[in-house]
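# Structure at a glance
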Amino acid sequence: MKLLKKLSLALGAVGSAFALGATPAAAAVTDETAYVLNTFSFLVHGFLVMLMAAGFAMLESGLVRTKNTAAICLKNIALYSVAGIMFYLIGYNLMYVDVGSYMGSFTFLYNPSEAELALINAEEATDEMVAEVVGNGYSVMSDWFFQMVFVATTASIVSGTLAERIKVWPFIIFVVILSAFIYPIQASWTWGGGFLAEMGFSDFAGSTLVHSTGGWAALAGAILLGARTGRFSDGGARPMPGANLPLATLGTFVLWFGWFGFNGGSQLALGSAMDASAMAIVYVNTNLAAAAGVVTAMILTQVLYGKMDLTMCLNGALAGLVAITAGPDLQNHFLALIVGGIGAALAVFSVPVLDKLKIDDVVGAIPVHLVAGIWGTLAVGIFGGGSLVTQLIGVVAVGVFVTAVSFVVWFILKSTIGIRVSAEDEDMGLDRCELGLEAYPEFGRGSQKM
Amino acid sequence: MKFIVAIVKPGKLEAIREALVEIGVQGMTVSEVKGFGRQMGHKEIYRGAEYEVAFVPKLKLEIVVDERVAGQAVEVIAATAKTDSIGDGKVFVLDAESAFRIRTGETGPDAL
C-alpha cells in the first residue's frame, strides 16, 4: 500500500502519454476517468472487506459453545463499530498524515479535502476545480474508508482468541486503544512511509501489519487472560467443540470472499491497464493460496490424526489467505500455491504447540493470523519480492512493539477493572452473565424449550 | 444396594464423573433436566423487557451402587458439586430392590 508512490507512478504514466501524444487515445484514460476508477476500486473493495467482519462473526459464533454465542456476536458488531469510529477520530491521522519515521500526526478527525468540498458545493464547477481534485488520484474519503475496514479486521482477530471467558467492556476498551493507537502507529512505519518503508520492507496488504498485529495482540491477551476453565488439565488439552460448524464454514467462505477486496483493493488503483492487470493477478494468487491451504490441511489432518478435520481445513483456508497477503502480486501463480500451502501447514502444526503451552485460542487465530502472517511476510523475501533480512526486521519490529504495548494494556485492564468473568459466570455462559439473554432459547438447555 | 439421584449444576459433570470413577463406581446415567428449588428462577432481558425464567437447567445423575460405597459416593458428589453459591443441587438416596444385567443374567451387586 505504498499509496502515494504507486499513484504518482500511474498518473505520471497517463500524463506523459498525453503530453507526448505518442500513444493512441484509446489506450489512455483521462485523469478524471482514472480518478473515478481508483475511487471506485477503494469503495467496492472496501465494502468487500467490510463483509469480512461478518465472516469473523460467523466463524467465531460457530466455534464457540451455544452459551457464549450472543456475546461473541455482540462483540463482533461492537468492535467493528468502535474500530471505525476510533480510526475516524484519530487513527487515520496517526497512520497517514505527516508521518515522520515512527508515527503520523496527533490530530483529531479526518474529513474530505478542501478541493473536493469546493467542487461538490460549487454552483458551476470549473476545469481548475476538477483538476485540483483529480490531481490527488482518488477521493480522500474513499481511501479512508478502505483503510478503516483493515483496522476492523485486526480487531476481529483478537476477538476470536479470547472468546468464552473475557468480559465484553474491557475487550472494547482494548479495541479502542488498538484501533486508535497500536495499529495506526505500527502501520505508519510501512504504509505511512515511516522507517520500515524507508528500509524497503514490503507488505502488500498486511500479513504483518494487519494479521500478525492482530495475532500478537491476541497472544498477549490470551496469556494474561488464561485458558477457559477445564480446557487444560494434567492429562493434557480437553477440546471444547464449537456449536455450529455450518456457521463456521459459512464464515470462512465469507472471509475468503472478502479477501478479494482485502488483497485486490490493495493494488490501490484501477485507472490504468497496468493496474487492472496487476489486480487480476492478485485475485488469482489470493484464490490459489486459500485453495492450497484447504487441501494441505485436509491431507495433513488425514495423515496426522487418521481423519480429516473440518475446522482445521477452515483454518487452512484462512492461513493460506493470510500467508499470500504480504505478496499477492507474485507473478508466478504456482508460487502462490506453495506460499498458501506452507502457511496452512504451519497453522496445522501450531495448534497442538499452543495446546502444549496451555495457551487457549478458541478459534485458532494465533496459528492462522500470527504464524501464517509471519511466514507470508518472510516468503516475500524468499521469493524475490524484497530482502529477507529486511522482511525479518519488519516482522520483529512490529511484533515487539505490538506485543509489548498490548501486554501493558491488557495488564492494566486486568489489574483495574478485570478482564475475566467469574468461574461461575463462565460456567453459566457469557450470554446470560454479560447480556442477560440466550442465543438459542428454544434449543438445547434454552429457557423457552418447555 | 442404593439408588443415588443427584441434581447438580451442568458444569460439574466431568469433575463428578472423574471423582466417582476414582472410588470405583462403574456406571452412571445422566439427563438434562429443569427444575426449581430454593434458588428459584432467574431474570433474563430481551429487547429491554425483563422476563422470569422459572425453571433452571440442571443435570440429573442416576447411580446404583453397593451399600458399602453409597455413603462415600454421596460425599464425593457433594464435595465435587459444591460451589458455595445457591443452586448447587441435591443428592437423594433410595433403596434399590434388585438389579439385573441383561447380557449375562447376573443379579444383585454383581450386576452393577
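Conventions adopted
- Residues numbered from 1 in each chain as written.
- Chains lettered and ligands numbered in written order.
- Predicted model: local features only at pLDDT ≥ 70, side-chain atom pairs only at ≥ 80, totals over all residues.
- Helix = DSSP H or I, 4+ residues; strand = E, 2+ residues; numbered from the N terminus.
- Rg over C-alpha atoms; globule rule 2.2 N^0.38 Å.
- Contact = placed C-beta atoms within 7 Å.
- Expected span 1.5 Å × (residues − 1).
- Nonpolar A, V, L, I, M, F, W, Y, C, P; charged D, E, K, R; others polar.
- Core = buried A, V, L, I, M, F, W, Y, C linked by C-beta atoms within 7 Å.
- Buried ≥ 20, exposed ≤ 12 C-beta atoms within 10 Å, placed from the backbone.
- Pairing = 2+ DSSP bridges.
- Axes fitted to C-alpha atoms, helices over the stretch in contact; angles between N-to-C directions.
- Parallel < 35°, antiparallel > 145°, perpendicular 65-115°, else oblique.
- Left-handed = near helix turned anticlockwise from the far one by under 90°.
- pLDDT = per-residue confidence, 0-100.
- Arc of directions from axis to C-beta.

### Some remarks on the overall build of chain B
The helix and strand tally for chain B stands at two helices and six strands. Sequence-ordered secondary structure for chain B, helices as α and strands as β, is β-α-β-β-β-β-α-β. Computed over C-alpha atoms, the radius of gyration of chain B comes to 17 Å, more than 25% over the 13 Å expected from 2.2 N^0.38 for 112 residues, which places it beyond the range of a compact globule. With respect to the principal axes defined by its C-alpha atoms, chain B has extents near 60 × 25 × 20 Å. Across chain B, contacts joining residues at least 24 apart in sequence account for 68% of those joining residues at least 6 apart.

### Considerations on helix H11 (residues 273–305) of chain A
For H11(A), built from 33 residues, the straight-helix expectation of 48 Å at 1.5 Å per residue is met to within 8% by its first-to-last C-alpha distance of 48 Å. Residue A:Gly306 follows H11(A) closely and has a positive phi angle near 80 degrees.

### Structural notes on the interface of chain A and chain B
With nine residues of chain A at the interface, the matching set in chain B holds 13 residues. Residue composition of the side of chain A that touches chain B, grouped by class: two nonpolar, three polar and four charged.

### Considerations on the nonpolar core
Counting residues in each nonpolar core, the largest one holds 124 residues, and the members touching the most others are A:Ala83, A:Ala218, A:Ala289, A:Leu321 and A:Ala323. Counting residues per element, this core draws most heavily on helix H3 (residues 69–96) of chain A, which supplies 14 residues. Those residues in contact with A:Ala289 that sit more than four places away from it in its chain are A:Gly320, A:Leu321, A:Ala323, A:Ile324, A:Ala336, A:Val339 and A:Gly340. Counting 15 residues, the second largest nonpolar core, distinct from the first, contains B:Val8, B:Leu59, B:Ala73 and B:Ile77.

### As for the environment of A:Ser41
Residue and element names in this part refer to chain A. The residue serine 41 is located in helix H2 (residues 31–63) in this model. The exposure class assigned to serine 41 is buried, which follows from the 24 C-beta atoms found within 10 Å. Distance from serine 41 to proline 239, taken between C-alpha atoms, is 43 Å for residues 198 residues apart in sequence. Among all residues touching serine 41, those that are not within four sequence positions of it are Gly265, Ala269 and Leu270.

### As for the sheet that holds strand E5 (residues 56–65) of chain B
Strand pairing in a sheet is mediated by backbone hydrogen bonds. Such pairs are either parallel or antiparallel. All names here are of chain B. Read across the sheet, four strands follow the order E2-E5-E1-E6 without closing on themselves; strand pairing throughout is antiparallel. With partners counted over all chains shown, the strands left at the sheet margins are strand E2 (29–35) and strand E6 (89–95), one partner each. In this sheet, adjacent strand axes meet at a mean angle of 20 degrees when their direction is disregarded. In terms of strand pairing, strand E1 (residues 2–8) meets E5 through seven bridges, oriented antiparallel. When the sheet's bridge partners are listed, valine 5 is paired in E5 with glutamate 62. Docked against the sheet, helix H2 (residues 67–81) engages E1, E5 and E6, running at close to 5 degrees with respect to E1.

### Overview of the packing of helix H1 (residues 13–22) of chain B against H2(B)
All names here are of chain B. Contact geometry for H1 and H2: axes closest at 9 Å, N-to-C directions at 150 degrees. Comparing their axes, H2 and H1 come out roughly antiparallel. Classified by chirality, the crossing of H2 by H1 is right-handed. Seen from H1, the contacting residues are Ala15, Ile16, Ala19 and Leu20; seen from H2, they are Ala73, Val76, Ile77, Thr80 and Ala81.

### Focus on the environment of A:Tyr102
All names here are of chain A. As for its placement among the helices and strands, tyrosine 102 is situated in the loop between H3 and helix H4 (114–121). Through-space distance from the C-alpha of tyrosine 102 to that of phenylalanine 407 is 20 Å; in sequence the pair is 305 residues apart. The contact partners of tyrosine 102, leaving out residues within four places of it in the chain, are Trp189, Gly194 and Phe195.

### Overview of unusual backbone geometry
Residues and elements named next belong to chain A. At aspartate 98, a position not held by glycine, the phi torsion is positive, near 50 degrees. Here aspartate 98 lies in the loop between H3 and H4. A positive phi angle is found at leucine 109, which is not glycine, with a value near 65 degrees. Locating leucine 109 in the fold gives a position in the loop between H3 and H4. The exposure class assigned to leucine 109 is exposed, which follows from the 9 C-beta atoms found within 10 Å.

### Here's the deal with the packing of helix H14 (residues 365–382) of chain A against helix H15 (residues 388–415) of chain A
Residues and elements named next belong to chain A. Put simply, H14 and H15 touch, their axes get as near as 7 Å, and they point 160 degrees apart. On the basis of the axis angle, H14 is roughly antiparallel to H15. In this structure, the crossing between H14 and H15 has a hand that is right-handed. For the pair formed by H14 and H15, the contact residues are Ile374, Thr377, Leu378, Val380, Gly381 and Ile382 on the first element and Leu388, Gln391, Leu392, Gly394 and Val395 on the second.

### Regarding the confidence of the model for chain B
The predicted model of chain B has a mean per-residue pLDDT of 90, with 100% of residues at 70 or higher. Interface scoring of the predicted complex returns ipTM 0.73; its pTM is 0.87.

### Quick look at H2(B)
All names here are of chain B. The end-to-end C-alpha separation of H2 is 22 Å, in line with the 21 Å expected for 15 residues at 1.5 Å each. Residues of H2 that are buried include every one of Val69, Ala73, Ile77 and Ala81, and no others. Take H2 and look down its axis: the buried residues cluster within an arc of 85 degrees, on one side only. For H2, the exposed residues set more than 90 degrees away from the buried face come down to Arg68, Gly71 and Ala79. Here the buried face of H2 lies against E1, H1, E5 and E6.

### Overview of the pairing of strand E4 (residues 49–53) of chain B
Residues and elements named next belong to chain B. A small share of E4 lies buried, amounting to zero of its five residues. Sheet topology places strand E3 (residues 42–46) next to E4; five bridges connect them, and they run antiparallel. When the sheet's bridge partners are listed, histidine 42 is paired in E4 with valine 53. Linkage of E3 to E4, two consecutive antiparallel strands, is achieved through a turn of two residues, within which arginine 47 is found at a positive phi near 50 degrees.

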